[in-house]
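Understanding the architecture of this molecule
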Amino acid sequence: MQNNKLIATNLIGRPYWQAPIMAARIDCDNSVAHNIAAAKAIESACRIEVSSQTKKLRELILAAEIIKNHTFDLYFDVLPDFLGLDSASELSKNHPDLYKNATKLQKFTDQILISVGGRAIHPITSVVGGFKSYPTHLDGDVSLQREASPDMLAAETLRLFSSFDLPVSKLQPDFAALHMDKEYACYDGEIWTSKGELYTEDKFLEFAHEQSFPPCIRVRDKLRRESMKRRMDPRASLSSHTAEPEDDKAIVVGALARYNLNQSHFDEKTKKILSELKIEKKIENPTALILAKAIEIYYFVILSIEILSHSAKAGIKDEHVIPPRKFSSGSSAVESASGIVVHSCELDKDGIILKYEIDALNNP
Amino acid sequence: MPINPKKSLATFSLTSCGGCLEVLNENTNRYSGLQNFYEIERFLPNKIEKKYDIVIIEGHPLTEKQIGSAKLIRRQAKIVVALGSCAHIGGVYDEMVTLLPKEKRARKLLSEIVRVDYIVPGCPPDQAELTRCLMDLYWGKIFCLPDLAVCFECRQNENVCLIKKNKLCLGPITRMGCNSICVNNGEACLGCRGLKPDANIRKMTEILKPIIPEFEAKKIMSIFGNLDAKQ
Ligand code: SF4
Ligand code: SF4
Ligand code: SF4
């Protein structure tokens, strides 16, 4: 049984507040996404409306987790292949500057996760109804890491990954992501697809059950084969290769889907660097997931810095965790680094979990 | 650089979130420090028999295949370290069977399947404690866990006691070593490090009685698995 099913089964019969604690432990890479999705599903079932400060802090830790995952994937999984290296430790020996970029970005995100969530893996403070404690000196806590100029590192990352020729695919997949009117949606929103379908909160589960998310193009496998080829024949170019479609009915979620559906909500800085680098507005080639991740690293770093600066100016209030008003059923969807997580629950009159479902939607 | 040669260390995951092994890699400086003492690799069950000085296991054994892998590891490792709550007391992947006698439990803990030499508890475990364990083992010393309760660290950290505020906390029965990180961050100790020696569960249940219903107390003591598992 998959981890999400095991945890969902283990949640039945437990008090509602245990859901975010246990859900975070489905997958350490997406522990914030599952923690927040569980908190939101329960809050919806308990008719809890969290404060705007809670929403901002949740957005911040979600952004930090996405940056951390993308950075790890790009620098330690993909980049060694592009550079013809066997592993991340070879990257640290042969390109210490690039290796340092990655570790500095990860330190920045870890500091956010520790300051807000209490710990780099499995947040402690983030619970149903808000936060158990607040980082009253948030900007100060993260300031050391900000001295490393994460925005410059993110820009460098984007420049680097936009300079690579990617294998071209004929596949023209459909995309699905959370969508909001005025924001690059991650924490909230309705699920939109590029086919024009809309799924509101009451239909999140329907979306998870109806759609299938088969692997479209295994970018890394392609690159690995390419990189082997290049090692044998250094004149071979990556762009000369055409990746074969693996499933033309694939619905793609994650960074590429978010980019294609929501980029109009990027901030001015992100828009500027995208136009400077002449990055197209529509990227259908699934192997360009690498580029979409680099774009998101930049966008989420800028967003994090903005939230940190705002908290430095306005200060962070010590708020109480909001208690449930009633117990019924609810659902939520939150973007994770690799896709969308959907949680859904039903509570009895005492707040005990009667039903729980967790769907982690991504293209494996 | 150490005078002694490097020792071999392999890691293996059973049903888990992967967080325990992430803790091993989390701090790049500490990890590269450990690489001065250990050749670190993943344990591959299909690989031709290779002996290791130490194998670290994370996760809870849920399938027959995983039980088989655990037994294979035991044969190929001089020392087996159970890392994290899942490998120690079942963790979040264990069924809700806390306080049931051993024979009534449907699934077994790792330590009931194979002999576990050392435990580094917690969900997630503490990286400093894991490093201390690996360095003690490198130098041939016996690695010991602290015997006191989380309350000891909590008082040192000058937290206001949650139980005194009529809120739940499992600190009095839980083994310290995490620096009471949850209470420092406003949350209760939920017992992820397992019981301290001689912990009195009955007394703890009495203390919790006026705070939460007994049924809920049991559900709390089973978040991270079998709190009453043999340590
Ligand atoms: S003990 Fe916790 S951190 Fe470790 S694998 Fe289990 S759930 Fe993950
Ligand atoms: S808050 Fe918990 S850990 Fe701290 S002293 Fe009280 S009971 Fe012990
Ligand atoms: S305070 Fe309790 S629950 Fe938190 S890490 Fe320590 S032992 Fe685990």
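Quick notes on the rules
- Here the residue index of a chain counts from 1 through its sequence in written order.
- The order in which chains are written sets their letters, starting at A; the order in which ligands are written sets their numbers, starting at 1.
- Local features in this predicted model are restricted to residues whose pLDDT is 70 or higher, and side-chain atom pairs enter the listing and the counts only when it is 80 or higher, whereas totals over whole chains, interfaces and linings include all residues.
- Where side-chain values are given, they derive from all heavy atoms of the structure, hydrogens and water being excluded.
- Under the scheme used here, helices are H or I runs from DSSP no shorter than 4 residues and strands are E runs no shorter than 2 residues, and both carry numbers assigned from the N terminus.
- Buried means the residue's accessible area, taken with a 1.4 Å probe over protein chains only, is under 20% of the maximum for its type, while exposed means over 50%, and partly exposed covers the values in between.
- It only takes one pair of heavy atoms within 4.5 Å for two residues to be counted as in contact.
- In short, Shrake-Rupley with a 1.4 Å probe defines the accessible areas, and a residue's cover is counted only from the protein chains shown.
- For two strands to count as paired, DSSP must find a minimum of two bridges between them.
- Near, as used in this document, describes a residue that has one of its heavy atoms within 4 Å of the molecule or strand being considered.
- A 1.4 Å probe that fits into a set of points on a 1 Å grid over the protein atoms alone but cannot get out defines a cavity; an open set with protein on both sides within 12 Å along at least five of seven lines defines a pocket, and lining residues are those with an atom within 4 Å of a point.
- A cavity or pocket is said to hold a molecule if more than half of that molecule's atoms lie within 2 Å of its grid points.
- Three categories are distinguished: nonpolar for Ala, Val, Leu, Ile, Met, Phe, Trp, Tyr, Cys and Pro, charged for Asp, Glu, Lys and Arg, and polar for the others, with Gly belonging to the last.
- Grid points are joined across faces, edges and corners, and a volume is the space filled by probe spheres set on the points.
- By salt bridge we mean one thing: a side-chain nitrogen of Lys or Arg within 4 Å of a carboxyl oxygen of Asp or Glu.
- Axis geometry follows a simple rule: fit a line to the C-alpha atoms, using only the stretch in contact for helices, then measure angles between N-to-C directions, giving values from 0 to 180 degrees.
- For this classification, under 35 degrees means roughly parallel, over 145 means roughly antiparallel, 65 to 115 means roughly perpendicular, and everything else is oblique.
- Two helices cross in a left-handed way if the nearer one is turned anticlockwise from the farther one by less than a right angle. They cross in a right-handed way if the turn is clockwise.
- Only residues above 30% relative accessible area that lack a salt bridge enter a patch, with like-charged residues linked at up to 9 Å and the nonpolar side chains Val, Leu, Ile, Met, Phe, Trp and Tyr linked at up to 5 Å.
- Under the counting rule used here, the positive set is Lys and Arg, the negative set is Asp and Glu, and His together with the chain ends is not counted.
- We put the charge of a Lys on NZ, of an Arg on CZ, of an Asp on CG and of a Glu on CD.
- Start and end positions for the domains come from either an automated domain assignment or a database one.
- Think of it this way: a Phe, Tyr or Trp ring, Trp meaning its six-membered ring, pairs with another when their centres are within 6.5 Å, and the plane angle makes it stacked under 30 degrees, edge-to-face over 60, tilted otherwise.

For the rest of this paragraph, the subject is the overall build of chain A. When helices and strands are counted, chain A shows 13 helices and 11 strands. Sorting the 364 residues of chain A into buried and exposed places 60% on the buried side. A fraction of 74% describes how many contacts in chain A between residues 6 or more apart in sequence connect residues 24 or more apart. Carbon together with sulfur atoms contributes 51% to the accessible area of chain A, which is approximately 14,900 Å² in total.

All names here are of chain A. Among the 9 residues in strand 10 (residues 339–347), 8 count as buried, and that is most of the element. The antiparallel hairpin formed by strand 9 (residues 329–335) and strand 10 contains 3 residues in its connecting segment. Taking the residues that link successive antiparallel strands as the turn, the strand 10-strand 11 (residues 353–362) hairpin has 5 residues, and the phi of Gly-351 there is positive, at about 85°.

Another aspect to go through is the site of ligand 3. All names here are of chain B. Residues in close proximity to ligand 3 include Val-150, Thr-174, Cys-178, Ile-181, Cys-182, Cys-189, Leu-190, Gly-191, Cys-192 and Arg-193, which together make up its full environment. Judged by the fraction of its atoms near the pocket grid, ligand 3 is located in the largest cavity. When the residues that make up the shell around ligand 3 are grouped by side-chain class, the tally is 7 nonpolar, 2 polar and 1 charged.

Considered as a void within the structure, the second largest pocket measures approximately 970 Å³ in volume. Every residue lining the second largest pocket is counted, 33 residues in all, and those nearest its centre are Lys132(A), Val321(A), Lys167(B), Gly186(B) and Glu187(B). Residue composition of the lining of the second largest pocket, by class: 20 nonpolar, 4 polar and 9 charged.

This part covers empty space enclosed by the protein. Under the criterion given, the structure shown has 3 cavities of 30 Å³ or more. Estimated volume of the largest cavity: approximately 200 Å³. Lining the largest cavity we find 22 residues, and of these Arg119(A), Cys182(B), Ala188(B), Leu190(B) and Phe224(B) sit closest to its centre. Looking at the lining of the largest cavity, the elements that each hand over two or more residues are strand 1 (126–127) of chain A together with helix 8 (181–184) of chain B. A class-by-class count of the residues in the lining of the largest cavity yields 14 nonpolar, 4 polar and 4 charged. Approximately 90 Å³ is the volume found for the second largest cavity. Taken together, 16 residues line the second largest cavity, and the ones lying closest to its centre are His122(A), Cys17(B), Cys20(B), Cys86(B) and Cys123(B). Of all elements in the fold, only helix 1 (19–26) and helix 4 (84–89) of chain B reach the threshold of two or more residues within the lining of the second largest cavity.

In the structure shown here, the tally under the stated rule is 26 salt bridges over all chains. Of the charged contacts in the structure, one is a salt bridge between Glu276(A) and Arg159(A), with a shortest N-O distance of 3.0 Å. With Glu276(A) in helix 12 (residues 268–276) and Arg159(A) in helix 8 (residues 150–162), the pair connects residues that are 117 residues apart, well separated along the chain. By relative accessible area, which is 45% here, Glu276(A) ends up partly exposed. Through salt bridges that share partners, Lys68(A), Asp110(A) and Glu22(B) make up one connected network.

Time to look at the packing of helix 3 (residues 31–45) of chain A against helix 4 (residues 52–82) of chain A. Residue and element names in this part refer to chain A. Interaxial distance between helix 3 and helix 4 falls to 8 Å at its minimum, and their mutual angle equals 150°. Taken as axis vectors, helix 3 and helix 4 run roughly antiparallel relative to one another. Note that helix 3 runs across helix 4; the crossing there is left-handed. Contacts between helix 3 and helix 4 involve Ser-31, Val-32, Ala-33, Ile-36, Ala-39, Lys-40 and Glu-43 on the former and, on the latter, Arg-58, Ile-61, Leu-62 and Glu-65.

On to a positive patch on the surface, then. Where like charges cluster on the molecular surface, the positive patch consists of Lys51(B), Lys71(B), Arg75(B) and Lys108(B). For Arg75(B), a relative accessible area of 54% translates into the label exposed.

This part is about the sheet that holds strand 9 of chain A. Residue and element names in this part refer to chain A. Read across the sheet, 3 strands follow the order 9-10-11 without closing on themselves; strand pairing throughout is antiparallel. Bordering the open sheet on either side are strand 9 and strand 11, each of which pairs with just one other strand. Averaged over all pairs of adjacent strands, the angle between strand axes in this sheet comes to 10°, irrespective of strand direction.

This brings us to the packing of helix 8 of chain A against helix 12 of chain A. All names here are of chain A. Close contact between helix 8 and helix 12 brings their axes to 11 Å; oriented N to C, the two are set at 30°. In terms of orientation, helix 8 and helix 12 fall into the roughly parallel class. The handedness of the crossing between helix 8 and helix 12 is right-handed. Across the interface between the two elements, Ala-155, Leu-158 and Arg-159 of helix 8 pack against Ile-273, Leu-274 and Glu-276 of helix 12. Among the residues forming the contact of helix 8 with helix 12, the class breakdown is 4 nonpolar, no polar and 2 charged.

Turning our attention to the sheet that holds strand 1 (residues 7–13) of chain B. All names here are of chain B. Reading across the sheet, the 5 strands line up as 2-1-3-4-5 and stay open at both edges, with parallel pairing between neighbours. Looking at the sheet topology across the chains shown, the edges are occupied by strand 2 (38–42) and strand 5 (118–120). Direction aside, the axes of adjacent strands within the sheet are offset by 25° on average. Two strands pair when backbone bridges link them, and strand 1 and strand 2 are joined in this way by 5 bridges, in the parallel orientation. Residue pairing across strands places Thr-11 opposite Arg-42, the latter belonging to strand 2.

On to the domain arrangement of chain B. When cut into domains, chain B gives domain 1 (7–138) and domain 2 (150–230). Between the C-alpha centres of domain 1 of chain B and domain 2 of chain B the distance comes to 24 Å.

Once that is clear, we can look at the site of ligand 2. Surveying the vicinity of ligand 2 reveals the residues Cys151(B), Cys154(B), Arg155(B), Cys161(B), Leu162(B), Ile163(B), Cys169(B), Gly171(B), Pro172(B) and Val183(B). Among the elements that make up the shell around ligand 2, the one with the highest residue count is helix 7 (residues 150–156) of chain B (3 residues).

Looking now at the packing of aromatic side chains. Residue and element names in this part refer to chain A. Using the criterion set out here, one finds 22 aromatic pairs over all chains in the structure. Ring geometry for Tyr-259 against Phe-266: centres 6.2 Å apart, planes inclined by 40°, an arrangement best described as tilted. Looking at Tyr-259, the relative accessible area reads 1%, which means it is buried. Relative to Tyr-299, the ring of Phe-266 lies with its centre 5.0 Å away and its plane at 50°, an arrangement referred to as tilted. With Phe-266 in the loop between helix 11 (255–262) and helix 12 and Tyr-299 in helix 13 (residues 289–314), this residue pair connects regions lying 33 residues apart in the sequence. The same class applies to Phe-266 as to Tyr-299, namely buried. Within the aromatic cluster, the residues linked to one another by ring pairs are Tyr-184, Tyr-259, Phe-266, Tyr-299 and Phe-300.

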